[in-house]
Amino acid sequence: MPIAQFHLLILLLLTPLIASQSSQQSIPSSEEEEADSLLLLHRDYYQYSPPSPPPPPPHPPTVSCAGDLSGVGTLDTTCQIVSDLNLTDSVYIAGSGNLFVLPNVRVRCGVPGCGVVVNVSGNFSLGENATVVAGSVEVTAWNSTFRQGSVVNVTGLGGDPPAQTSGTPQGVEGAGGGYGGRGACCWMDKKTRPEDDWGGDTYGWGMLQRPWSYGSKGGSTSKEVDYGGGGGGRVRVDVREFLVLDGGVFADGGSGGNKGGGGSGGSVYITAYRMTGSGVISACGGGGFAGGGGGRISVDVFSRHDEAVIYAHGGVSSGCPDNSGAAGTFYDAVPRSLIISNHNLSTDADTVLMDFPNQPLWTNVYVRNQAKASVPLLWSRVQVQGQIKLETGGTMSFGLAKYASSEFELLAEEILMSDSVIKVYGALRMSVKMFLMWNSQLRVTGGGEVPVATSLLEASNLLVLKGSSVIHSNANLGVHGQGLLNLSGAGDRIEAQRLVLSLFYSIHVGPGSVLRGPLENATSEDMTPKLFCDRSDCPHELIHPPEDCNVNSSLSFTLQICRVEDILVEGLIEGSIVHLHRARNIDVQSSGKISASGLGCIGGIGRGMVMGNGLGSGAGHGGRGGSVCFNGTCLQGGVAYGNAGLPCELGSGSGNDSLVGSTAGGGIIVMGSIGHPLLTLSIDGSVMADGASFKEVEKEKHHRVETSSYGGLGGGSGGTILLFLKTLSVGENGTLSIAGGSGGPKGGGGGGGGRVHFHWADIPTGDLYQHIATIHGSIVNSGGLGKGQGIAGGNGTLSGKACPRGLHGVFCKECPPGTYKNVTGSDESLCQWCPIQELPARAYHTKVRGGVTETPCPYDCISDRYHMPHCYTAFEELIYTFGGPWLFGLLLLVLLFLLALVLSVARMRFVGVDELHCTAPPQHGSQIDHSFPFLESLNEVLETSRVEESESHVHRMYFMGPNTFSQPWHLPQSPPEQIKEIVCEGAFNRFVDEINVIATYQWWEGSVYSILSLLAYPVAWSWQQWRRRLKLQRLREFVRSEYDHACLRSCRSRALYEGIKVAATPDLILAYVDFFLGGDEKRSDLPLPLRQRFPLAILFGGDGSYLAPFSLHIDNILDNLMTQAIRPTAWNRLVAGLNAQLRLVRRGCLRKTLQPVLWWLESHANPALQSFGIRIDLALFQTSSCDYCQYGLLVYATEENIQHALAESRDGGVETQPLLGPNNDHKVKTMANCSKEPLLCNYQSKNEYFLRPKRSSGVILDFHSLKMLEERREICFPLFLFLHNTKPTGHQDLVGLLISILLLGDLSMVLLTFLQLYSISMRDVLLVLLILPLGILLPFPAGINALFSHGPRRSAGLARLYALWNVTSLINVGVAFICGYVHSKSQTSSGKVWPDLQSWISMDENEWWILPLGLLLCKCLQSRLMNWHIANLEIQDASLYSSNSDLFWQS
């Protein structure tokens, strides 16, 4: 006999004896002792497992095919049953052949328990619509086929169930029979739970995999008549190979009608290698007054190609339609899966699951379709390898509701729940990898006052609640995992009296979901965590929590989240003492809330007092509670308590537990710990530990509703929010609140505010500092409002960890700019003002990362223009580097003087002393006086001449026009009278046309000149001179080599290209064509002697400008002509003196500057020439059709020589014409209107007349006609106020030294000006530099080039160019003035005028104009000195300007 069966037998035998002894000795004094006895008995009962059935008796001899079965054939070959067969007893059919039951044949044995056993070695076939009816059917064959419509039916024909089972209900309740599932019971005891009443019980758990028990009979509603339905039979099909199941196998329980309970389903066991077909397998409970429980089905088929329909549900109850029989079991052996399905029939009866096998483990357990599975054995372990899946109303319960004091283990890979429930009575230890819930519940009910172990749910990978799913425990609950915990949305919640969530990687509390501990509406049956309301010290675990994160009922936490990386809160986390420990990031979204409001103490250390009339003062905590007064009697509010530096106290309430409507204080919210602070806390929702406000409370008493008379109790005090963290962010809608609750409407005092403390960890300092808190929302620590005569509560405290140096306040912000903090602490007063004397005037204190920890405080200049450390401009930096403005200026002057000396010495060594002080020695045979350096050599004239050329010279024809781009050189069309006899007029006109075409400039040359004139006039002047030089070269090449001289009459001249020559003055303004007599022309009247050429016009070169002053240029031809009448030395001296006077003539001031020339001619020249019978006058010549006039000399003979010339003319028979007419003043004003035909427009004060074979266009200028001279001033005329030729001053070395000093000073001031402008902006530097482009920089290299050039003439030319650059740069200086003025005005208008520093030259001060003005003065002095320098170079003989004519001629 098995040990379990033996123990059960001993228990049953000893039970009456124990009961009798107990009654004799003592009667149980309480229901508790009776419950314990029953519990012991019940426990022992459910630990019992029914024994295996005894081995079947030996089979009777086999029947024959033909004789006993009325069949055809034999069982050793093929036996066919061809007709119906009614049996009265069990039969055994065996053979080595085949057995076929033909279609529509019925084999029946209606005796309950009657067995039909088929054991053939071949095949078994049940034809279409064939039927086998018996109490037990066994088929063993190689292959087996159940055709369409065939039926194996053992419904209600089961024999007796195994002995010592309680499948058949007792009494007359008409309950259903039990087997795989319990039978239903429609008779309910109101004192019991529905699931505690059932019919027949389950049995046969040990044969679950190979069921072979009969179902139990249903109960009856009558003692006389047994109305109960029979139990289901049993079917076993053992096929070695192929099973075709298209028919049906039925082992249902029998129906009990309306007066009897339904029988329970029987057993079906099918084994095969392969099975096809879509037949039906059923072991359902029978219907009746109360439905029977389902039977047991086991299918062990390796390969199932079609899914057969399998039913094992309970029977329908007519007496209680909502309580059908419990579902039976279906075991699928190949996947080792247990399926419990009640076909959506609701039931209160359970399908009892006993011990689960350990080896091998089942793979899956499915509870579905309103089925209820129960694991009643205490301390049970349910373990499967795969899934436990509950769906569509499935329920699985562990333990007994009345005795919820046991522990259960549930182990699986996955638990999937959909519209289902798991109930645990006691404690549950669940370990799965994945736990998914959809609209499902897991409810753990502890034993009330009986100590119950903590429930632990472990989902290592994933735990998801969705669709209002609930995990509920009225005791301690720990939920652990290593992956994600996701409460998806509204209705999802995990709640327990003490809840611990730990070890997850991430927890997501979705919108509308809840994490709560303790329960919201806890009852006396629920385990209640004890709060430390009367403790004045801080529990150690709040500051230094344990590291293991286990659920420990001795700790003060009610809700703890431990060792979780990220926590995202969009729903509600609520608890009395909420602790979030060893988390990394916590994000409270706008819909999220972490709350301990109103979950603190009722009473407590700071409790509010209550008067006899129900008025109460507010509770205190961080702030004192609000007092309340009535009829002169006042009650003080609750006292403030706790440590603001590290608070960890619960808020207190007003009233006590016995008063209805007593208010509670706020709870505690702790995030992080000292050893493990949060990395980040982001709050866009709310974190609250407010005190509760008074509310009207309604209570049910004696079946009527009464309203509390206490309407004036005070508000509860705010709780504690203690945050150990590194960074905090509170969004615009975020709220941190520890506000006190409001008092009652009848006059309660307000509760005091709570305490908030930010315990910052690893506060970064210095350059590593970052803001640890960003607060855009609100932090509420106000006391609650008082009502009536109640006073508002005091504000709570807001504190933070002591900040390191440089930081202050609760959130450890940097001390404001201008302050420093060199001690540790959070008080703002610790930030001291920086010493003002250490701050430069143009500086401001800057914000330093990490705050300022010591003096001197860092600062920055008010603009990028100023430079540290003194906030000077670059210019001021330079000045104060060398000791200040006066010392800098002195050093600069000394340096300039020394550099100028070095420059002068270098100039002397480079240029040579001789070139600086005297002209070159005279060449041998030269007749030119060296008093004028321009006359050193006749080779300076671009066209050299020989003596024989002078003798054959006929006439000099001057080009008209100043040789500019708008007025180029050109020759008149008709030949002059002097050359008409040596040229052909037609060919001459063609020659003039070709010359004029060549002399004309291209349009682009003038355009370039115009552009350059706007940008840089010195460059434009150089461009013009270059183009002039090229033009002259082109004209000379044309006349010399290209033109064939066809206009000349002389054959020799045409052949040798010698009759015409083109030349020009060195300034390239005046050009002329010389005509010579050919060697083959023998004429006595040509060339004319000098006196017969009188009056002779000699035009001045130059245009009277600074760069090209008027000058009388002589060459060999002109010199030889004039020396015919004047002694050569006198003529050369005359030319030198005249050129010295012409240097001083300035265009634009001709009326004034020509007067000294006229005076000099009358006082020095003509008196000396009178002895030679010659007179010269200043004349104005109209040489072109435009208004351009040229100046020159008119040379003619005196009266005696005139008479002599007239006589010679008469003797020669030459026609004479008057040269000079009477005084015609009006001609001076009408010069521009002269005809193209050359006219005689001379003015001669002496009314002299000459007879000449030509006409001349000109007017003699004297003092009277000079006053009426009209002249046009050019746009650049103001520049020539600075640039004009002067008389030499001598002291050439001193002038050169001063120029060197000023040149270096100019460069220095330019650089300083740039440095000054750079202090304003780079834009101003570019403006000054580029308007005009580089004009302010080029004078220095131009000046150096001029000083170090060889030769007085070259030096003078380069000096003039330097002077022009110097004057042009005044425009740049003007731009600098404008930039400085604009900046000064903008600074004044914007109010950015900073106090004066020691600087005396700063663009921010009133002295901004000093440098530009100094530069202007320097350039003016340079211009003046350059004028002297040029005069010294060009005029070496100072006697040329002597007012004493005798002294002049003697020199």
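Just so it is clear, the structure is predicted and the values come from calculations on it, not from any experiment. (Residues numbered from 1 in each chain as written. Predicted model: local features only at pLDDT ≥ 70, side-chain atom pairs only at ≥ 80, totals over all residues. Heavy atoms only, no water.)

### Some words on the overall build of the protein chain
Counting its regular elements, the protein chain contains 26 helices and 69 strands. A burial count over the protein chain gives 55% of its 1451 residues as buried. By element, 55% of the accessible surface of the protein chain is carried by carbon and sulfur atoms, the whole surface being about 61700 Å². (Helix = DSSP H or I, 4+ residues; strand = E, 2+ residues; numbered from the N terminus. Buried < 20%, exposed > 50% of the residue type's maximum accessible area, 1.4 Å probe, protein only. Areas by Shrake-Rupley, 256 points an atom, 1.4 Å probe, with all protein chains shown as cover.)

### Overview of the state of the cysteines
A covalent bond bridging the sulfur atoms of two cysteines is what the word disulfide describes. One pass over the structure, following the stated rule, counts 11 disulfides. Each sulfur of the disulfide joining Cys 186 and Cys 320 lies 2.0 Å from the other. Its S-S torsion of approximately -70 degrees makes the covalent link between Cys 186 and Cys 320 left-handed. Taken together, the positions of Cys 186 in the loop between strand E12 (151-153) and strand E13 (234-239) and Cys 320 in the loop between strand E19 (309-311) and strand E20 (329-332) put the pair 134 residues apart, joining distant regions of the chain. Summarising the burial analysis for this pair, Cys 186 and Cys 320 share the class buried. (Disulfide = S-S within 2.5 Å.)

### Structural notes on the confidence of the model for the protein chain
On average, residues of the protein chain score 82 in pLDDT, and 84% of them are at 70 or above. Looking across the protein chain, the model is least confident in helix H18 (residues 1226-1229), with a mean pLDDT of 34, and most confident in strand E15 (residues 248-250), with 97. Predicted confidence for residues 917-945 stays below pLDDT 50, and this span has 65 contacts to residues more than four positions away or in other chains. (pLDDT = per-residue confidence, 0-100. Contact = heavy atoms within 4.5 Å.)

### Here we look at the environment of Ile 93
Within the element layout of this structure, Ile 93 appears in strand E4 (residues 91-95). Sequence separation between Ile 93 and Ser 64 is 29 residues; the distance between their C-alpha atoms is 7.7 Å. Once residues lying within four places of it in the same chain are set aside, the contact partners of Ile 93 are Thr 62, Val 63, Leu 69, Leu 75, Leu 99, Val 117, Val 118 and Asn 119.

### Digging into empty space enclosed by the protein
Throughout the structure, instances matching the rule amount to 10 cavities of 30 Å³ or more. Considering only enclosed or pocket space, the largest cavity measures out at about 100 Å³ in volume. Contributing to the lining of the second largest cavity are Ile 81, Ile 93, Leu 99, Val 101, Val 107, Val 116, Val 118, Phe 124, Val 132, Val 137 and Val 139. Counting residues per element, the ones that place at least two in the lining of the second largest cavity are strand E5 (98-101), strand E7 (115-120) and strand E10 (136-141). Of the residues in the lining of the second largest cavity, the class split is 11 nonpolar, no polar and no charged. (1 Å grid on protein atoms, 1.4 Å probe; cavity = no way out; pocket = protein on both sides within 12 Å on 5 of 7 lines; lining within 4 Å. Points joined across faces, edges and corners; volume = space filled by probe spheres on them. Nonpolar A, V, L, I, M, F, W, Y, C, P; charged D, E, K, R; others polar.)

### Description of the sheet that holds strand E68 (residues 1190-1197)
A sheet is described by the order of its strands in space; here four strands give the open sequence E66-E68-E67-E69, paired in antiparallel fashion. Sheet topology places strand E66 (1096-1099) and strand E69 (1258-1260) at the edges, where each strand pairs with a single neighbour. The average undirected angle you get between the axes of adjacent strands in this sheet is 35 degrees. Where E66 meets E68, four bridges bridge the pair, whose relative direction is antiparallel. Bridge assignment links Leu 1096 to a residue of E68, and that residue is Val 1195. Each of strand E67 (1174-1181) and E68 touches helix H16 (residues 1155-1169); the most contacted strand, E67, lies at about 145 degrees to it. (Pairing = 2+ DSSP bridges. Axes fitted to C-alpha atoms, helices over the stretch in contact; angles between N-to-C directions.)

### A few points about the sheet that holds E15
Within a sheet, neighbouring strands are paired by backbone hydrogen bonds and run either parallel or antiparallel to one another. On the basis of which strands lie adjacent, the open sheet formed by seven strands has the order E3-E6-E9-E12-E15-E17-E19 and parallel pairing. In this open sheet, the two edge strands, each paired with only one partner strand, are strand E3 (85-86) and E19.

### Considerations on the pattern of salt bridges
Per the stated rule, a full pass over the model turns up 33 salt bridges. With a closest N to O distance of 3.7 Å, Lys 372 and Asp 348 form a salt bridge. Here the residue Lys 372 occupies a position in strand E24 (residues 372-375), and Asp 348 occupies one in the loop between strand E21 (337-341) and strand E22 (351-352), the gap between them amounting to 24 residues. Of the charged contacts in the structure, one is a salt bridge between Arg 956 and Asp 1115, with a shortest N-O distance of 2.8 Å. Of the two residues, Arg 956 is situated in strand E63 (residues 953-958) and Asp 1115 in the loop between E66 and helix H13 (1116-1122); the sequence distance between them amounts to 159 residues. (Salt bridge = Lys/Arg side-chain N within 4 Å of Asp/Glu carboxyl O.)

### Observations concerning unusual backbone geometry
Cis geometry marks the peptide bond from Met 868 to Pro 869, where omega comes out at 5 degrees. Counting through the fold element by element, Pro 869 comes out in the loop between strand E62 (859-861) and helix H4 (874-881). Looking along the chain, the bond that leaves Ile 1331 and enters Leu 1332 is cis, with omega of -10 degrees. Within the secondary structure, Leu 1332 sits in the loop between helix H21 (1322-1330) and helix H22 (1339-1347). Within the chain, Arg 582 stands out as a residue other than glycine whose phi angle is a positive 55 degrees. Inspection of the secondary structure assignment puts Arg 582 in the loop between strand E41 (577-581) and strand E42 (585-588).

### Thoughts on H22
Among the residues making up H22, those that are buried are Pro 1339, Ala 1342, Gly 1343, Ala 1346 and Leu 1347. Buried residues of H22, seen end-on, are gathered within an arc of 130 degrees and therefore sit on one face of the element. Packed against the buried residues of H22 are helix H5 (885-911), helix H20 (1292-1320), helix H23 (1352-1368) and helix H25 (1410-1434). (Arc of directions from axis to C-beta.)

### Some words on the environment of Tyr 1362
Relative to the assigned elements, Tyr 1362 resides in helix H23. Tyr 1362 sits 20 residues away from Ala 1342 along the chain, and the two C-alpha atoms are 4.9 Å apart. Residues contacting Tyr 1362, with those up to four places away along its chain left out, are Leu 1303, Pro 1339, Ala 1342, Gly 1343, Ala 1346, Gln 1422 and Met 1426.

### Description of H20
In this model H20 runs 41 Å from its N-terminal to its C-terminal C-alpha over 29 residues, within 8% of the 42 Å that 1.5 Å per residue would give. Within H20, 21 of the 29 residues are buried, leaving the element largely enclosed by the surrounding structure. (Expected span 1.5 Å × (residues − 1).)

### Topic: the packing of H20 against H22
Between two packed helices, both the angle of their axes relative to each other and the distance between the axes serve to describe the pair. Contact geometry for H20 and H22: axes closest at 9 Å, N-to-C directions at 160 degrees. Considering the angle they form, H20 stands roughly antiparallel to H22. Viewed along their axes, H20 and H22 form a crossing whose handedness is left-handed. On H22, the residues touching Ile 1299, Ser 1300, Leu 1303, Leu 1304 and Leu 1307 of H20 are Pro 1339, Phe 1340, Gly 1343, Ile 1344 and Leu 1347. (Parallel < 35°, antiparallel > 145°, perpendicular 65-115°, else oblique. Left-handed = near helix turned anticlockwise from the far one by under 90°.)

### Considerations on the pairing of strand E65 (residues 1071-1076)
Burial within E65 is extensive, with six of its six residues counted as buried. Residues Ala 1071, Val 1073 and Phe 1075 line one face of E65 and the alternating positions Tyr 1072, Asp 1074 and Phe 1076 line the opposite face, and both faces are buried. Examined bridge by bridge, E63 and E65 share five bridges and lie antiparallel to one another. The partner of Met 957 across the bridge, within E65, is Val 1073.

### Quick word on a nonpolar patch on the surface
On the surface, a cluster of nonpolar side chains totalling about 690 Å² of accessible area is made up of Phe 882, Leu 887, Leu 890, Leu 891, Val 894, Phe 897, Leu 898 and Leu 901. Checked against the element boundaries, Leu 898 lands in helix H5. (Patch = residues over 30% accessible without salt bridge, like charges linked within 9 Å, V, L, I, M, F, W, Y side chains within 5 Å.)

### Describing the packing of aromatic side chains
Counted according to the given criterion, the structure contains 28 aromatic pairs. We note Arg 1027 situated over the ring of Trp 1026; from NZ or CZ to the ring centre the distance is 4.8 Å. Taking the ring centre of Tyr 1106 as reference, the NZ or CZ of Arg 1360 above it sits at 5.2 Å. (Phe/Tyr/Trp six-rings, centres within 6.5 Å; stacked < 30°, edge-to-face > 60°. Lys NZ or Arg CZ within 6 Å of the ring centre and 35° of its normal.)

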